[in-house]
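Spelled out from the first residue to the last, the chains are:
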Amino acid sequence: MAVTDHVDLNGFMEGVKKRNPHQPEFVQAVQEVAEDIFEFMEDKEEYHSQQILRRIAEPDRVVSFRVCWEDDAGNIRVQRGWRVQNNNAIGPYKGGIRFHPSVTESVLKFLAFEQTFKNALTGLPMGGGKGGSNFNPKGKSVREIMRFCQSFMTELYRHIGADIDVPAGDIGVGGREIGFMFGQYKRITNNFTGVLTGKGLEWGGSLIRTEATGYGAVYFLENMLATKGENLEGKTAVISGSGNVATHAAEKIVQLGGKVLTLSDSGGFIHDPDGIDQEKIDWVKTHKTHRRGRIEEYVEAFPKATFHAGKTPWGVPCDVALPCATQNELLGEDAKMLVANGCRAVSEGANMPTDLDGVHTFKHARILYAPGKASNAGGVAVSGLEMSQNSERRSWKEEELQQMLKDIMSGIHNSCIRYGDQGGGYIDYVKGANIAGFKKVADAMLAFGVV
Ligand code: NDP
Ligand code: 2IT
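Quantities reported herein were computed from a predicted structural model and do not represent experimental measurements.

Reading guide: rules and limits
- Residues numbered from 1 in each chain as written.
- Chains lettered and ligands numbered in written order.
- Predicted model: local features only at pLDDT ≥ 70, side-chain atom pairs only at ≥ 80, totals over all residues.
- Heavy atoms only, no water.
- Helix = DSSP H or I, 4+ residues; strand = E, 2+ residues; numbered from the N terminus.
- Rg over C-alpha atoms; globule rule 2.2 N^0.38 Å.
- Buried < 20%, exposed > 50% of the residue type's maximum accessible area, 1.4 Å probe, protein only.
- Areas by Shrake-Rupley, 256 points an atom, 1.4 Å probe, with all protein chains shown as cover.
- Lys, Arg positive; Asp, Glu negative; His and termini not counted.
- Charge placed at Lys NZ, Arg CZ, Asp CG, Glu CD.
- Salt bridge = Lys/Arg side-chain N within 4 Å of Asp/Glu carboxyl O.
- Axes fitted to C-alpha atoms, helices over the stretch in contact; angles between N-to-C directions.
- Left-handed = near helix turned anticlockwise from the far one by under 90°.
- Contact = heavy atoms within 4.5 Å.
- Nonpolar A, V, L, I, M, F, W, Y, C, P; charged D, E, K, R; others polar.
- Pairing = 2+ DSSP bridges.
- Expected span 1.5 Å × (residues − 1).
- Near = heavy atom within 4 Å.
- Polar contact = N/O pair within 3.5 Å; in protein donor to acceptor, adjacent residues only side chain to side chain.
- Core = buried A, V, L, I, M, F, W, Y, C linked by side-chain atoms within 4.5 Å.

> In this structure, what is going on with the overall build of the protein? I would like to understand it.
Helix and strand counts for the protein stand at 17 helices and 12 strands. Taken over the C-alpha trace, the protein has a radius of gyration of 21 Å; the compact-globule value for 451 residues is 22 Å, and the two agree within 12%. Seen through its principal axes, the protein has C-alpha atoms that stretch 70 × 55 × 45 Å. Split into buried and exposed, the 451 residues of the protein put 57% on the buried side. By element, 49% of the accessible surface of the protein is carried by carbon and sulfur atoms, the whole surface being about 18,100 Å². Separation of charge centres in the protein, based on 51 positive and 56 negative side chains, amounts to 4 Å.

Written as C-alpha cells, this is what we have:
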C-alpha cells in the first residue's frame, strides 16, 4: 500500500506544519494551494503515489548566507541573505529579491512556492525561486545600499546563472539595486549574461518591465469585469502600497477611466476623494521611490486628501480593490467590510496580501477575486520576455511587448476559467489558478521520475 493512501488534506497539512515549525507564511501558502489540489487529485492516483504536492512543497534547496558590509560611519554590519530555489521542473528558477526587515526564511519559502505556480501560469519556461535579506534599505545612503548589494552578490553569484536561476526585484529592490548587483556579478564572473531581470534599458533590460506588474494586475481585473459585461470606466478603486506595483496599477486604472481613491505605505493610507490622477501619481513616484519619503506627506502637497495613520484603506467604499503592498495586509474582517460596502472585484498586485480568512470570505461572497499568483504574474512574465531578448541579443519594440503582456494576462484568465468555472456565472479564480499552475509543474515532474 502506498504511504499516501490514507493522507487527506488535514493529514497532509499536519505534516507540512510539523516539518516547517515557526514558518506561518509558508504553511499558509501551502494550505491555500492544498485546499484546491486535494480536491483536484481525488481521482488522480499518479499525483498521489508520486507525492507530487509534497515534493513541490519541499524546496529543492534553501541557501542561507552571511552578508557583511560597512556603513558610512565605519561600523561593520551583519545581515542574513537567502535564495530559495523551490522548483525547476519547467525552467530555470526565477523570482525576485526582497530587502526588508520582515524577511525570514518562512517569507521567502512562501514566495518561492507561490512563484512556482505563478510562473507556470505565464506559459513561459520558468521555475520558481525567491531570495532576499532582512536588510532595511530605509534611511540608508546610496553608497551603503551599493556596498550591501555588492556583498550580497559576492555570495549569491555562485548559486545563480542565466540557465540556472534568474533573480529580479521585489520589495526594496528596484532598478538601482539590480544595477549594483548586476555590476558585481559581471565583475566577479567577467560574464555579461541575462542573469538578472529588471535591468536598465542600456544594459539588457526590457521595455515595460517596470510597469508590467501593476499594468498586468489591471488587465487581469478588466478581464474579470468583462465576464460580467463591465469595465473600469467610472469605477472607484482602493489601492494599498505606493511602490512599483501600486503606482503602476493606479496609472493603468486612471488610463482606463477609473478613479483611484487611496494609496498607502507602512505608516498608513491617504484618501483623496478627488481621485489620484496621473500628476499626483507622478508626485508619489518621485516622492516614494526617488526621495524615499512617506505617503503622509501627500496631504501637504494635495490638501483635500486625508491621512489615516496606522490604518489600511479597506474601509473606504469602492467598486474594485487592489492590495499592492505586502503579505497579510487584508484580513478576514477587511474582506467582510469590502464586500459589505459593495466592492465587486479584487485583483491582488502583492503576493498573498489576503489572509486565509479573507480568501474564504471573498470565495463565499462569490465576488470576482484574483489571487496574486494569477493577477500579478505580469511582472515575471515580462521578466521571462527579458530573458528571451537577452538570449536573442535583441530588444523588442514597446508595442510588441505591450501586446504580449495583454495576451499573457488574458491567457492566465482563460486558464483560471478552465479549472475554476463553478457554473452559475461564478469563477473561483483561486482554484483555477492553483490547478492550472499545479498541473503543468506536476506533469513535468512525472516525466522526470523520482528525482
Ligand atoms: P516596493 O518596494 O516598490 O513597494 C512596497 C510598498 O509596500 C511600499 O509602499 C511599502 O511601504 C509597502 N509595504 C512594504 N512592506 C509593508 C508592510 N509590512 N506594511 C505595510 N506596507 C508595506 O515593492 P513592490 O511594489 O515591488 O512590491 C509590492 C508587492 O508586490 C509585494 O508583495 C511584491 O512581492 C509584489 N510583487 C512585486 C512584483 C514586482 O515586479 N515588483 C511582481 C509581483 C508581485 P514603505 O515604503 O513604508 O515600506
Ligand atoms: O513576485 C514576483 O513575481 C516578482 N517579484 C517578480 C519576479 C521576477 O522574476 O520578475
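> How should I be thinking about the pattern of salt bridges in this particular structure?
Note on pairing: side chains with opposite charge can pair once their charged atoms come close. This structure, assessed with the given rule, holds 27 salt bridges. Among the charged side chains, a salt-bridge network with shared partners connects Glu230, Lys235, Asp319 and Arg344.

> Explanation requested: the packing of helix α8 (residues 209-226) against helix α15 (residues 378-392) in the structure shown.
Viewed as axis vectors pointing N to C, α8 and α15 meet at an angle of 145°, and their least axial separation amounts to 7 Å. Relative to α15, the crossing made by α8 is right-handed. Listed contacts from α15 to Arg209, Ala212 and Thr213 of α8 are Gly378, Gly379, Val380, Val382, Ser383 and Glu386. In the contact of α8 with α15, the residues fall into three nonpolar, four polar and two charged.

> Any chance you could explain the sheet that holds strand β10 (residues 320-323) here in plain terms?
Strands belonging to one sheet form pairs held by backbone hydrogen bonds; the direction of such a pair is parallel or antiparallel. With mixed pairing, the seven strands of this open sheet are ordered in space as β9-β8-β7-β6-β10-β11-β12. Two strands lie at the open edges of the sheet, namely β9 (306-309) and β12 (368-370), each paired on one side alone. Averaged over all neighbouring strand pairs, the angle between strand axes comes to 15°, with direction disregarded. Here strand β6 (residues 236-240) pairs with β10 via four bridges, running parallel. The residue bridging Ala237 from the neighbouring strand is Val320, located in β10.

> Is there a simple way to explain unusual backbone geometry in this structure?
With the exception of glycine, the majority of residues adopt a negative phi angle, and the majority of peptide bonds are in the trans configuration. Positive phi, normally seen in glycine, also occurs at Asn190, with a value near 60°. The phi angle at Arg366 is positive, at roughly 55°, despite the residue not being glycine. Take Arg366: it is sitting in the loop between α13 (356-365) and β12. For Arg366, a relative accessible area of 48% gives the class partly exposed.

> For this particular structure, what's the right way to read α15?
Owing to its 3.6 residues per turn, the α-helix aligns residues three or four sequence positions apart on the same side. Taking 1.5 Å as the rise per residue, α15 with 15 residues should run 21 Å; its terminal C-alpha atoms sit 21 Å apart, in good agreement. Within α15, 12 of the 15 residues are buried, which leaves it mostly tucked inside the rest of the structure. Residues of α15 that are buried: Gly378, Gly379, Val380, Ala381, Val382, Ser383, Gly384, Leu385, Glu386, Met387, Gln389 and Asn390. Downstream of α15 by a residue or two, Arg393 has a phi angle that is positive, lying close to 55°.

> Please clarify how the site of ligand 1 should be interpreted in this entry.
Within the structure, ligand 1 sits among 26 residues, and Lys138, Asp170, Thr213, Ser266 and Asn351 are positioned closest to it. Lys138 has a polar side-chain atom sitting 2.9 Å from an oxygen atom of ligand 1. Between ligand 1 and the protein, one listed contact pairs an oxygen atom with a side-chain N or O atom of Asn351 at 2.8 Å. Here ligand 1 has 890 Å² of accessible area as a free molecule, and 84% of this is covered by the chains. For the shell around ligand 1, the elements supplying multiple residues, two or more each, are α8, α9 (244-255) and β7 (259-265). Looking at side-chain class alone, the shell around ligand 1 contains five nonpolar, 13 polar and eight charged residues.

> What exactly am I supposed to notice about the pairing of strand β4 (residues 128-133) here?
Walk down a regular strand and you will see the side chains alternate between the two sheet faces. Counting buried positions along β4 gives six out of six residues, so the element sits mostly inside the fold. Residues of β4 alternate between two faces, with Gly128, Lys130 and Gly132 on one and Gly129, Gly131 and Ser133 on the opposite face, all of them buried. Summarising the sheet, strand β2 (residues 76-87) and β4 pair through six bridges and their orientation is antiparallel. Its bridge partner lying in β4, Trp82 is registered against Gly132.

> Explanation requested: the site of ligand 2 in the structure shown.
Within the structure, ligand 2 sits among 14 residues, and Lys94, Lys118, Lys130, Asp170 and Ser383 are positioned closest to it. Within the backbone of Gly169, one N or O atom sits 3.1 Å away from a nitrogen atom of ligand 2. Within the side chain of Ser383, a nitrogen or oxygen atom sits 2.5 Å from an oxygen atom of ligand 2. Here ligand 2 has 300 Å² of accessible area as a free molecule, and 94% of this is covered by the chains. Put simply, the parts of the chain that give the shell around ligand 2 at least two residues each are β3 (93-99), α5 (105-122) and α15. Partitioning the shell around ligand 2 into residue classes produces two nonpolar, seven polar and five charged.

> For this particular structure, what's the right way to read the side chain of Ser106?
With respect to the helices and strands, Ser106 occurs in helix α5. Taking relative accessible area as the criterion, Ser106 reaches 4% and is therefore assigned buried. Those residues in contact with Ser106 that sit more than four places away from it in its chain are His22, Gln23, Pro24, Glu25 and Phe26.

> Any chance you could explain the nonpolar core here in plain terms?
The nonpolar side chains of soluble globular proteins are, as a tendency, buried together. If you look at the biggest cluster of nonpolar residues, it comprises 56 residues, and the most contacted ones within it are Phe220, Leu221, Ile239, Leu322 and Ile412. Looking at which element gives the most residues to this core, the answer is α8, with nine residues. When neighbours within four sequence positions are excluded, Ile412 is seen to be in contact with Leu121, Thr122, Phe220, Ala374 and Ala377. Counting 38 residues, the second-largest nonpolar core is a separate cluster that includes Val103, Leu108, Leu111 and Ala442.

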